[in-house]
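# Residue-level structure breakdown
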Amino acid sequence: MTSATSPAPSPVPSSALPAAVRRGYGLGSVATGAFGTVPGLLLLPYLTDRIGVSAALACVIVFAPKAWDVVLNPVAGRISDRSQHPDGKRRPFLIRAGLLLAACFALLFLGPTSPPWAGAAWVAVAYLACATAYSFFQVPYVAMPAEITDDYDERTRLMTWRVAILALAILVSGGLSPVIREAFGPVWGYRAVGFFVAALIALGAWGAWHGTKRARVVAGAVTSTSFGDQLRLIRSDRPFRLLLTTFVLQALATGAMLAGVDYVARWVLGAPSAASLLFVCFVAPALVVTPLWQRYGTARDKKRGYLLASFLLGGGALALVLSRSMPAGVVYLCVAVVGVGYAGAQMFPMAMLPDVASRTGDAQSRVGLYTGVWTAGETLGLALGPAVYAVVLALGGYVSSTGTVAVQPDSAVTAIALGFSLVPAALVAISLLALRGYRLEGSR
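Residues numbered from 1 in each chain as written. Predicted model: local features only at pLDDT ≥ 70, side-chain atom pairs only at ≥ 80, totals over all residues. Heavy atoms only, no water.

This next bit is on the overall build of the chain. When helices and strands are tallied, the chain shows 14 helices and zero strands. Put simply, the chain runs from its N terminus to its C terminus through helices and strands in the order α-α-α-α-α-α-α-α-α-α-α-α-α-α. By the burial criterion, 60% of the 444 residues in the chain qualify as buried. In the chain, the proportion of contacts linking residues at least 24 apart, taken out of those at least 6 apart, comes to 85%. Of the accessible surface of the chain, which amounts to about 16100 Å², a share of 69% is contributed by carbon and sulfur atoms. (Helix = DSSP H or I, 4+ residues; strand = E, 2+ residues; numbered from the N terminus. Buried < 20%, exposed > 50% of the residue type's maximum accessible area, 1.4 Å probe, protein only. Contact = heavy atoms within 4.5 Å. Areas by Shrake-Rupley, 256 points an atom, 1.4 Å probe, with all protein chains shown as cover.)

The next subject is a nonpolar patch on the surface. Taken together, Leu168, Val172, Leu176, Val179, Leu287 and Val288 make up a surface patch of nonpolar side chains, about 460 Å² in accessible area. Since its relative accessible area comes to 41%, Val179 is described here as partly exposed. (Patch = residues over 30% accessible without salt bridge, like charges linked within 9 Å, V, L, I, M, F, W, Y side chains within 5 Å. Salt bridge = Lys/Arg side-chain N within 4 Å of Asp/Glu carboxyl O.)

Bringing helix H1 (residues 19–51) into the picture now. The end-to-end C-alpha separation of H1 is 46 Å, in line with the 48 Å expected for 33 residues at 1.5 Å each. Its axis deflected by about 35 degrees at Leu42, H1 carries its strongest bend there, up to four residues before the proline Pro45. Most of H1 sits out of view: 28 of its 33 residues are buried. Positive phi shows up at Gly52, right after H1, with a value of about 90 degrees. (Expected span 1.5 Å × (residues − 1). Bend = angle between axes of the 7 residues up to and from the residue.)

Moving on to the side chain of Thr37. By the secondary structure assignment, Thr37 is in helix H1. Classification of Thr37 as buried rests on a relative accessible area of 2%. Among residues more than four places away in sequence, those in contact with Thr37 are Ile170, Ser173, Gly174 and Phe279.

As a further point, take the confidence of the model for the chain. Fine structural detail should not be taken from predicted coordinates in areas where pLDDT scores are low. Across the chain, the average pLDDT comes to 82, with 86% of residues at 70 or higher. Looking at the elements of the chain, mean pLDDT is at its lowest for helix H7 (residues 227–235), recorded as 63, and at its highest for helix H14 (residues 422–436), recorded as 95. The low-confidence segment residues 220–225 (pLDDT under 50) makes 14 contacts with residues lying over four places distant or belonging to another chain. (pLDDT = per-residue confidence, 0-100.)

In this section: the packing of aromatic side chains. The full count for this structure, using the stated rule, is 15 aromatic pairs. On the numbers, 5.3 Å between centres and 85 degrees between planes, the contact of Tyr263 with Tyr398 is edge-to-face. On the criterion of sequence distance, the pair formed by Tyr263 in helix H8 (residues 238–268) and Tyr398 in the loop between helix H12 (367–396) and helix H13 (410–420) is long-range, its members being 135 residues apart. A relative accessible area of 2% means that Tyr263 is categorised as buried. In textbook terms, an aromatic cluster arises when at least three aromatic residues are bridged by ring pairs, as seen for Phe35, Tyr46, Phe105, Phe109, Tyr127, Tyr134 and Tyr190. (Phe/Tyr/Trp six-rings, centres within 6.5 Å; stacked < 30°, edge-to-face > 60°.)

Counting 138 residues, the largest nonpolar core has Leu43, Leu47, Phe105, Ile201 and Tyr389 as its most contacted members. When residues of this core are assigned to their parent elements, the largest contribution, 20 residues, is made by helix H6 (residues 152–211). Ignoring any residue separated from it by four or fewer positions in sequence, one finds Leu47 in contact with Gly52, Val53, Ala58, Ile61, Val62 and Val123. (Core = buried A, V, L, I, M, F, W, Y, C linked by side-chain atoms within 4.5 Å.)

In contact at an axis separation of 6 Å, helix H9 (residues 274–300) and helix H11 (residues 328–357) are set at 45 degrees when each is read in the N-to-C sense. The angle between the axes of H9 and H11 places the two elements in the oblique class. Both H9 and H11 take part in a crossing whose hand is right-handed. The segment H9 lies against H11, with Ala274, Leu277, Leu278, Cys281, Phe282, Pro285, Ala286, Val289, Thr290, Trp293, Gln294 and Gly297 engaging Val331, Tyr332, Val335, Ala336, Val338, Gly339, Val340, Tyr342, Ala343, Gly344, Met347 and Phe348. Across the contact of H9 with H11, the residue classes tally to 19 nonpolar, five polar and no charged. (Axes fitted to C-alpha atoms, helices over the stretch in contact; angles between N-to-C directions. Parallel < 35°, antiparallel > 145°, perpendicular 65-115°, else oblique. Left-handed = near helix turned anticlockwise from the far one by under 90°. Nonpolar A, V, L, I, M, F, W, Y, C, P; charged D, E, K, R; others polar.)

With that out of the way, let us pick up unusual backbone geometry. Residue Pro115 is reached from Ser114 by a cis peptide bond, and omega for that bond is -5 degrees. Tracing the backbone shows Pro115 in the loop between helix H3 (91–108) and helix H4 (116–143). At Asp301, a position not held by glycine, the phi torsion is positive, near 125 degrees. Mapping Asp301 onto the fold places it in the loop between H9 and helix H10 (302–319).

On to the pattern of salt bridges. Counted by the stated rule, this structure contains three salt bridges. The closest approach of N and O atoms between Glu182 and Arg181, which form a salt bridge, is 3.2 Å. Note on Glu182: relative accessible area 45%, which makes it partly exposed. By relative accessible area, which is 5% here, Arg181 ends up buried. Here Arg181 and Asp262 are joined by a salt bridge, their closest N and O atoms 3.0 Å apart. Taken together, the positions of Arg181 in helix H6 and Asp262 in helix H8 put the pair 81 residues apart, joining distant regions of the chain.

Compared with an ideal rise of 1.5 Å per residue, which puts 18 residues at 26 Å, H3 spans 26 Å between its outermost C-alpha atoms and is within 8% of the ideal. When you tally the buried positions in H3, you get 13 out of 18 residues, the bulk of the element.

This part is about the environment of Tyr25. Mapped onto the secondary structure, Tyr25 falls in helix H1. Residues Tyr25 and Gly207, spaced 182 residues apart in sequence, show a C-alpha to C-alpha distance of 7.7 Å. Ignoring any residue separated from it by four or fewer positions in sequence, one finds Tyr25 in contact with Tyr141, Val142, Met144, Pro145, Leu158, Met159, Arg162, Ala208 and Thr212.

This part is about the environment of Tyr370. Tracing the backbone shows Tyr370 in helix H12. Measuring from C-alpha to C-alpha, the distance between Tyr370 and Val142 comes to 9.9 Å, with 228 residues separating the pair along the chain.

What follows is about the state of the cysteines. Covalent bonding between the sulfur atoms of two cysteines defines a disulfide. This structure, assessed with the given rule, holds zero disulfides. In this structure Cys104 is not part of a disulfide, and its nearest cysteine sulfur, from Cys130, lies 5.2 Å away. Residue classification places Cys104 among the buried positions, given a relative accessible area of 13%. (Disulfide = S-S within 2.5 Å.)

Laid out in structure tokens, this is it:
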């Protein structure tokens, strides 16, 4: 396959997906939203402020399992591409890997907290197990839209459900987890969060598996092309490469902001409980604006909508450079603007990926591999976000602790604010250079 960009027309026009299938598919976002959010929000504070691990070592622990996923995701895509299970080549992975992920996440915060090396080792191993299970859930899940519908606009509608439920899942998991942590105290707080998120993951995995059982599958033949050849072909696909670059950089930006929420609440706003409110401001707008983004994309084009959403995402982050001198209400407002942009910056690329991956007949047999590369990039971005934020904390001289409140130097508080604002804004700005060059003939 080359970078030829004409989508292959469907021989028979597709009918709209049943609403039950849209809702069922969207429920998978309960699992992806919970797992994608809570570790990015609380794992770094757990390591630095509960176990007492240095910010530099915490950076490695948070990043290493996700780096493993970067390698594993294309393999998971290849395996699901070649599956011949009677229930479909993607669906069986949803229930099996999803329940395994839930079990592993329940163990994540159950390890020792002292000595620090033992706690760090437990988290590293448990998080690696989580990342492995998540790879085999996420890749088949994200690959499904290209196979259950071949309609350009129907994929946007499908992603509207997915992103709306994703926003709700992020809101519930990310908003309640800090509350649960504070309610149960320093010993059981994080453990209670682990059980809570594990239950959400299990619910989402079962919902996606059960809800898509009636989905019609537009399947391609199993390819005989070697794995290495397929990766080289995908790498030469310019539209895919540019779209992936944009999405990864923005995942890195949002990952850094998520990692900073707990620190900004504690040291910039002066109220640890503000973490939940910051999170609500970040996610709640998506519940309202996602249908509006869908209408905009249908009327104007997905790329144009993605550009507008990216400007709001980056602009809101840039305004937060002044967060140390802003009233708290203005900080919340800027975070809400980021949330409006984030909703579109999630929905549009997710709707554009199936258009790219399935636009030629031979690509139908490699949708899982495309998705594996895509989710590997997303995983890398979301993993690098907290890692980059941890590096910024280390450069600012952040003082780790074991449950007590340490006094932070002014340089550390400045680092907390800039890692939450200037760093993600710069990343979004760079991502726009790639998005401007994206072209897909046949799209509006």
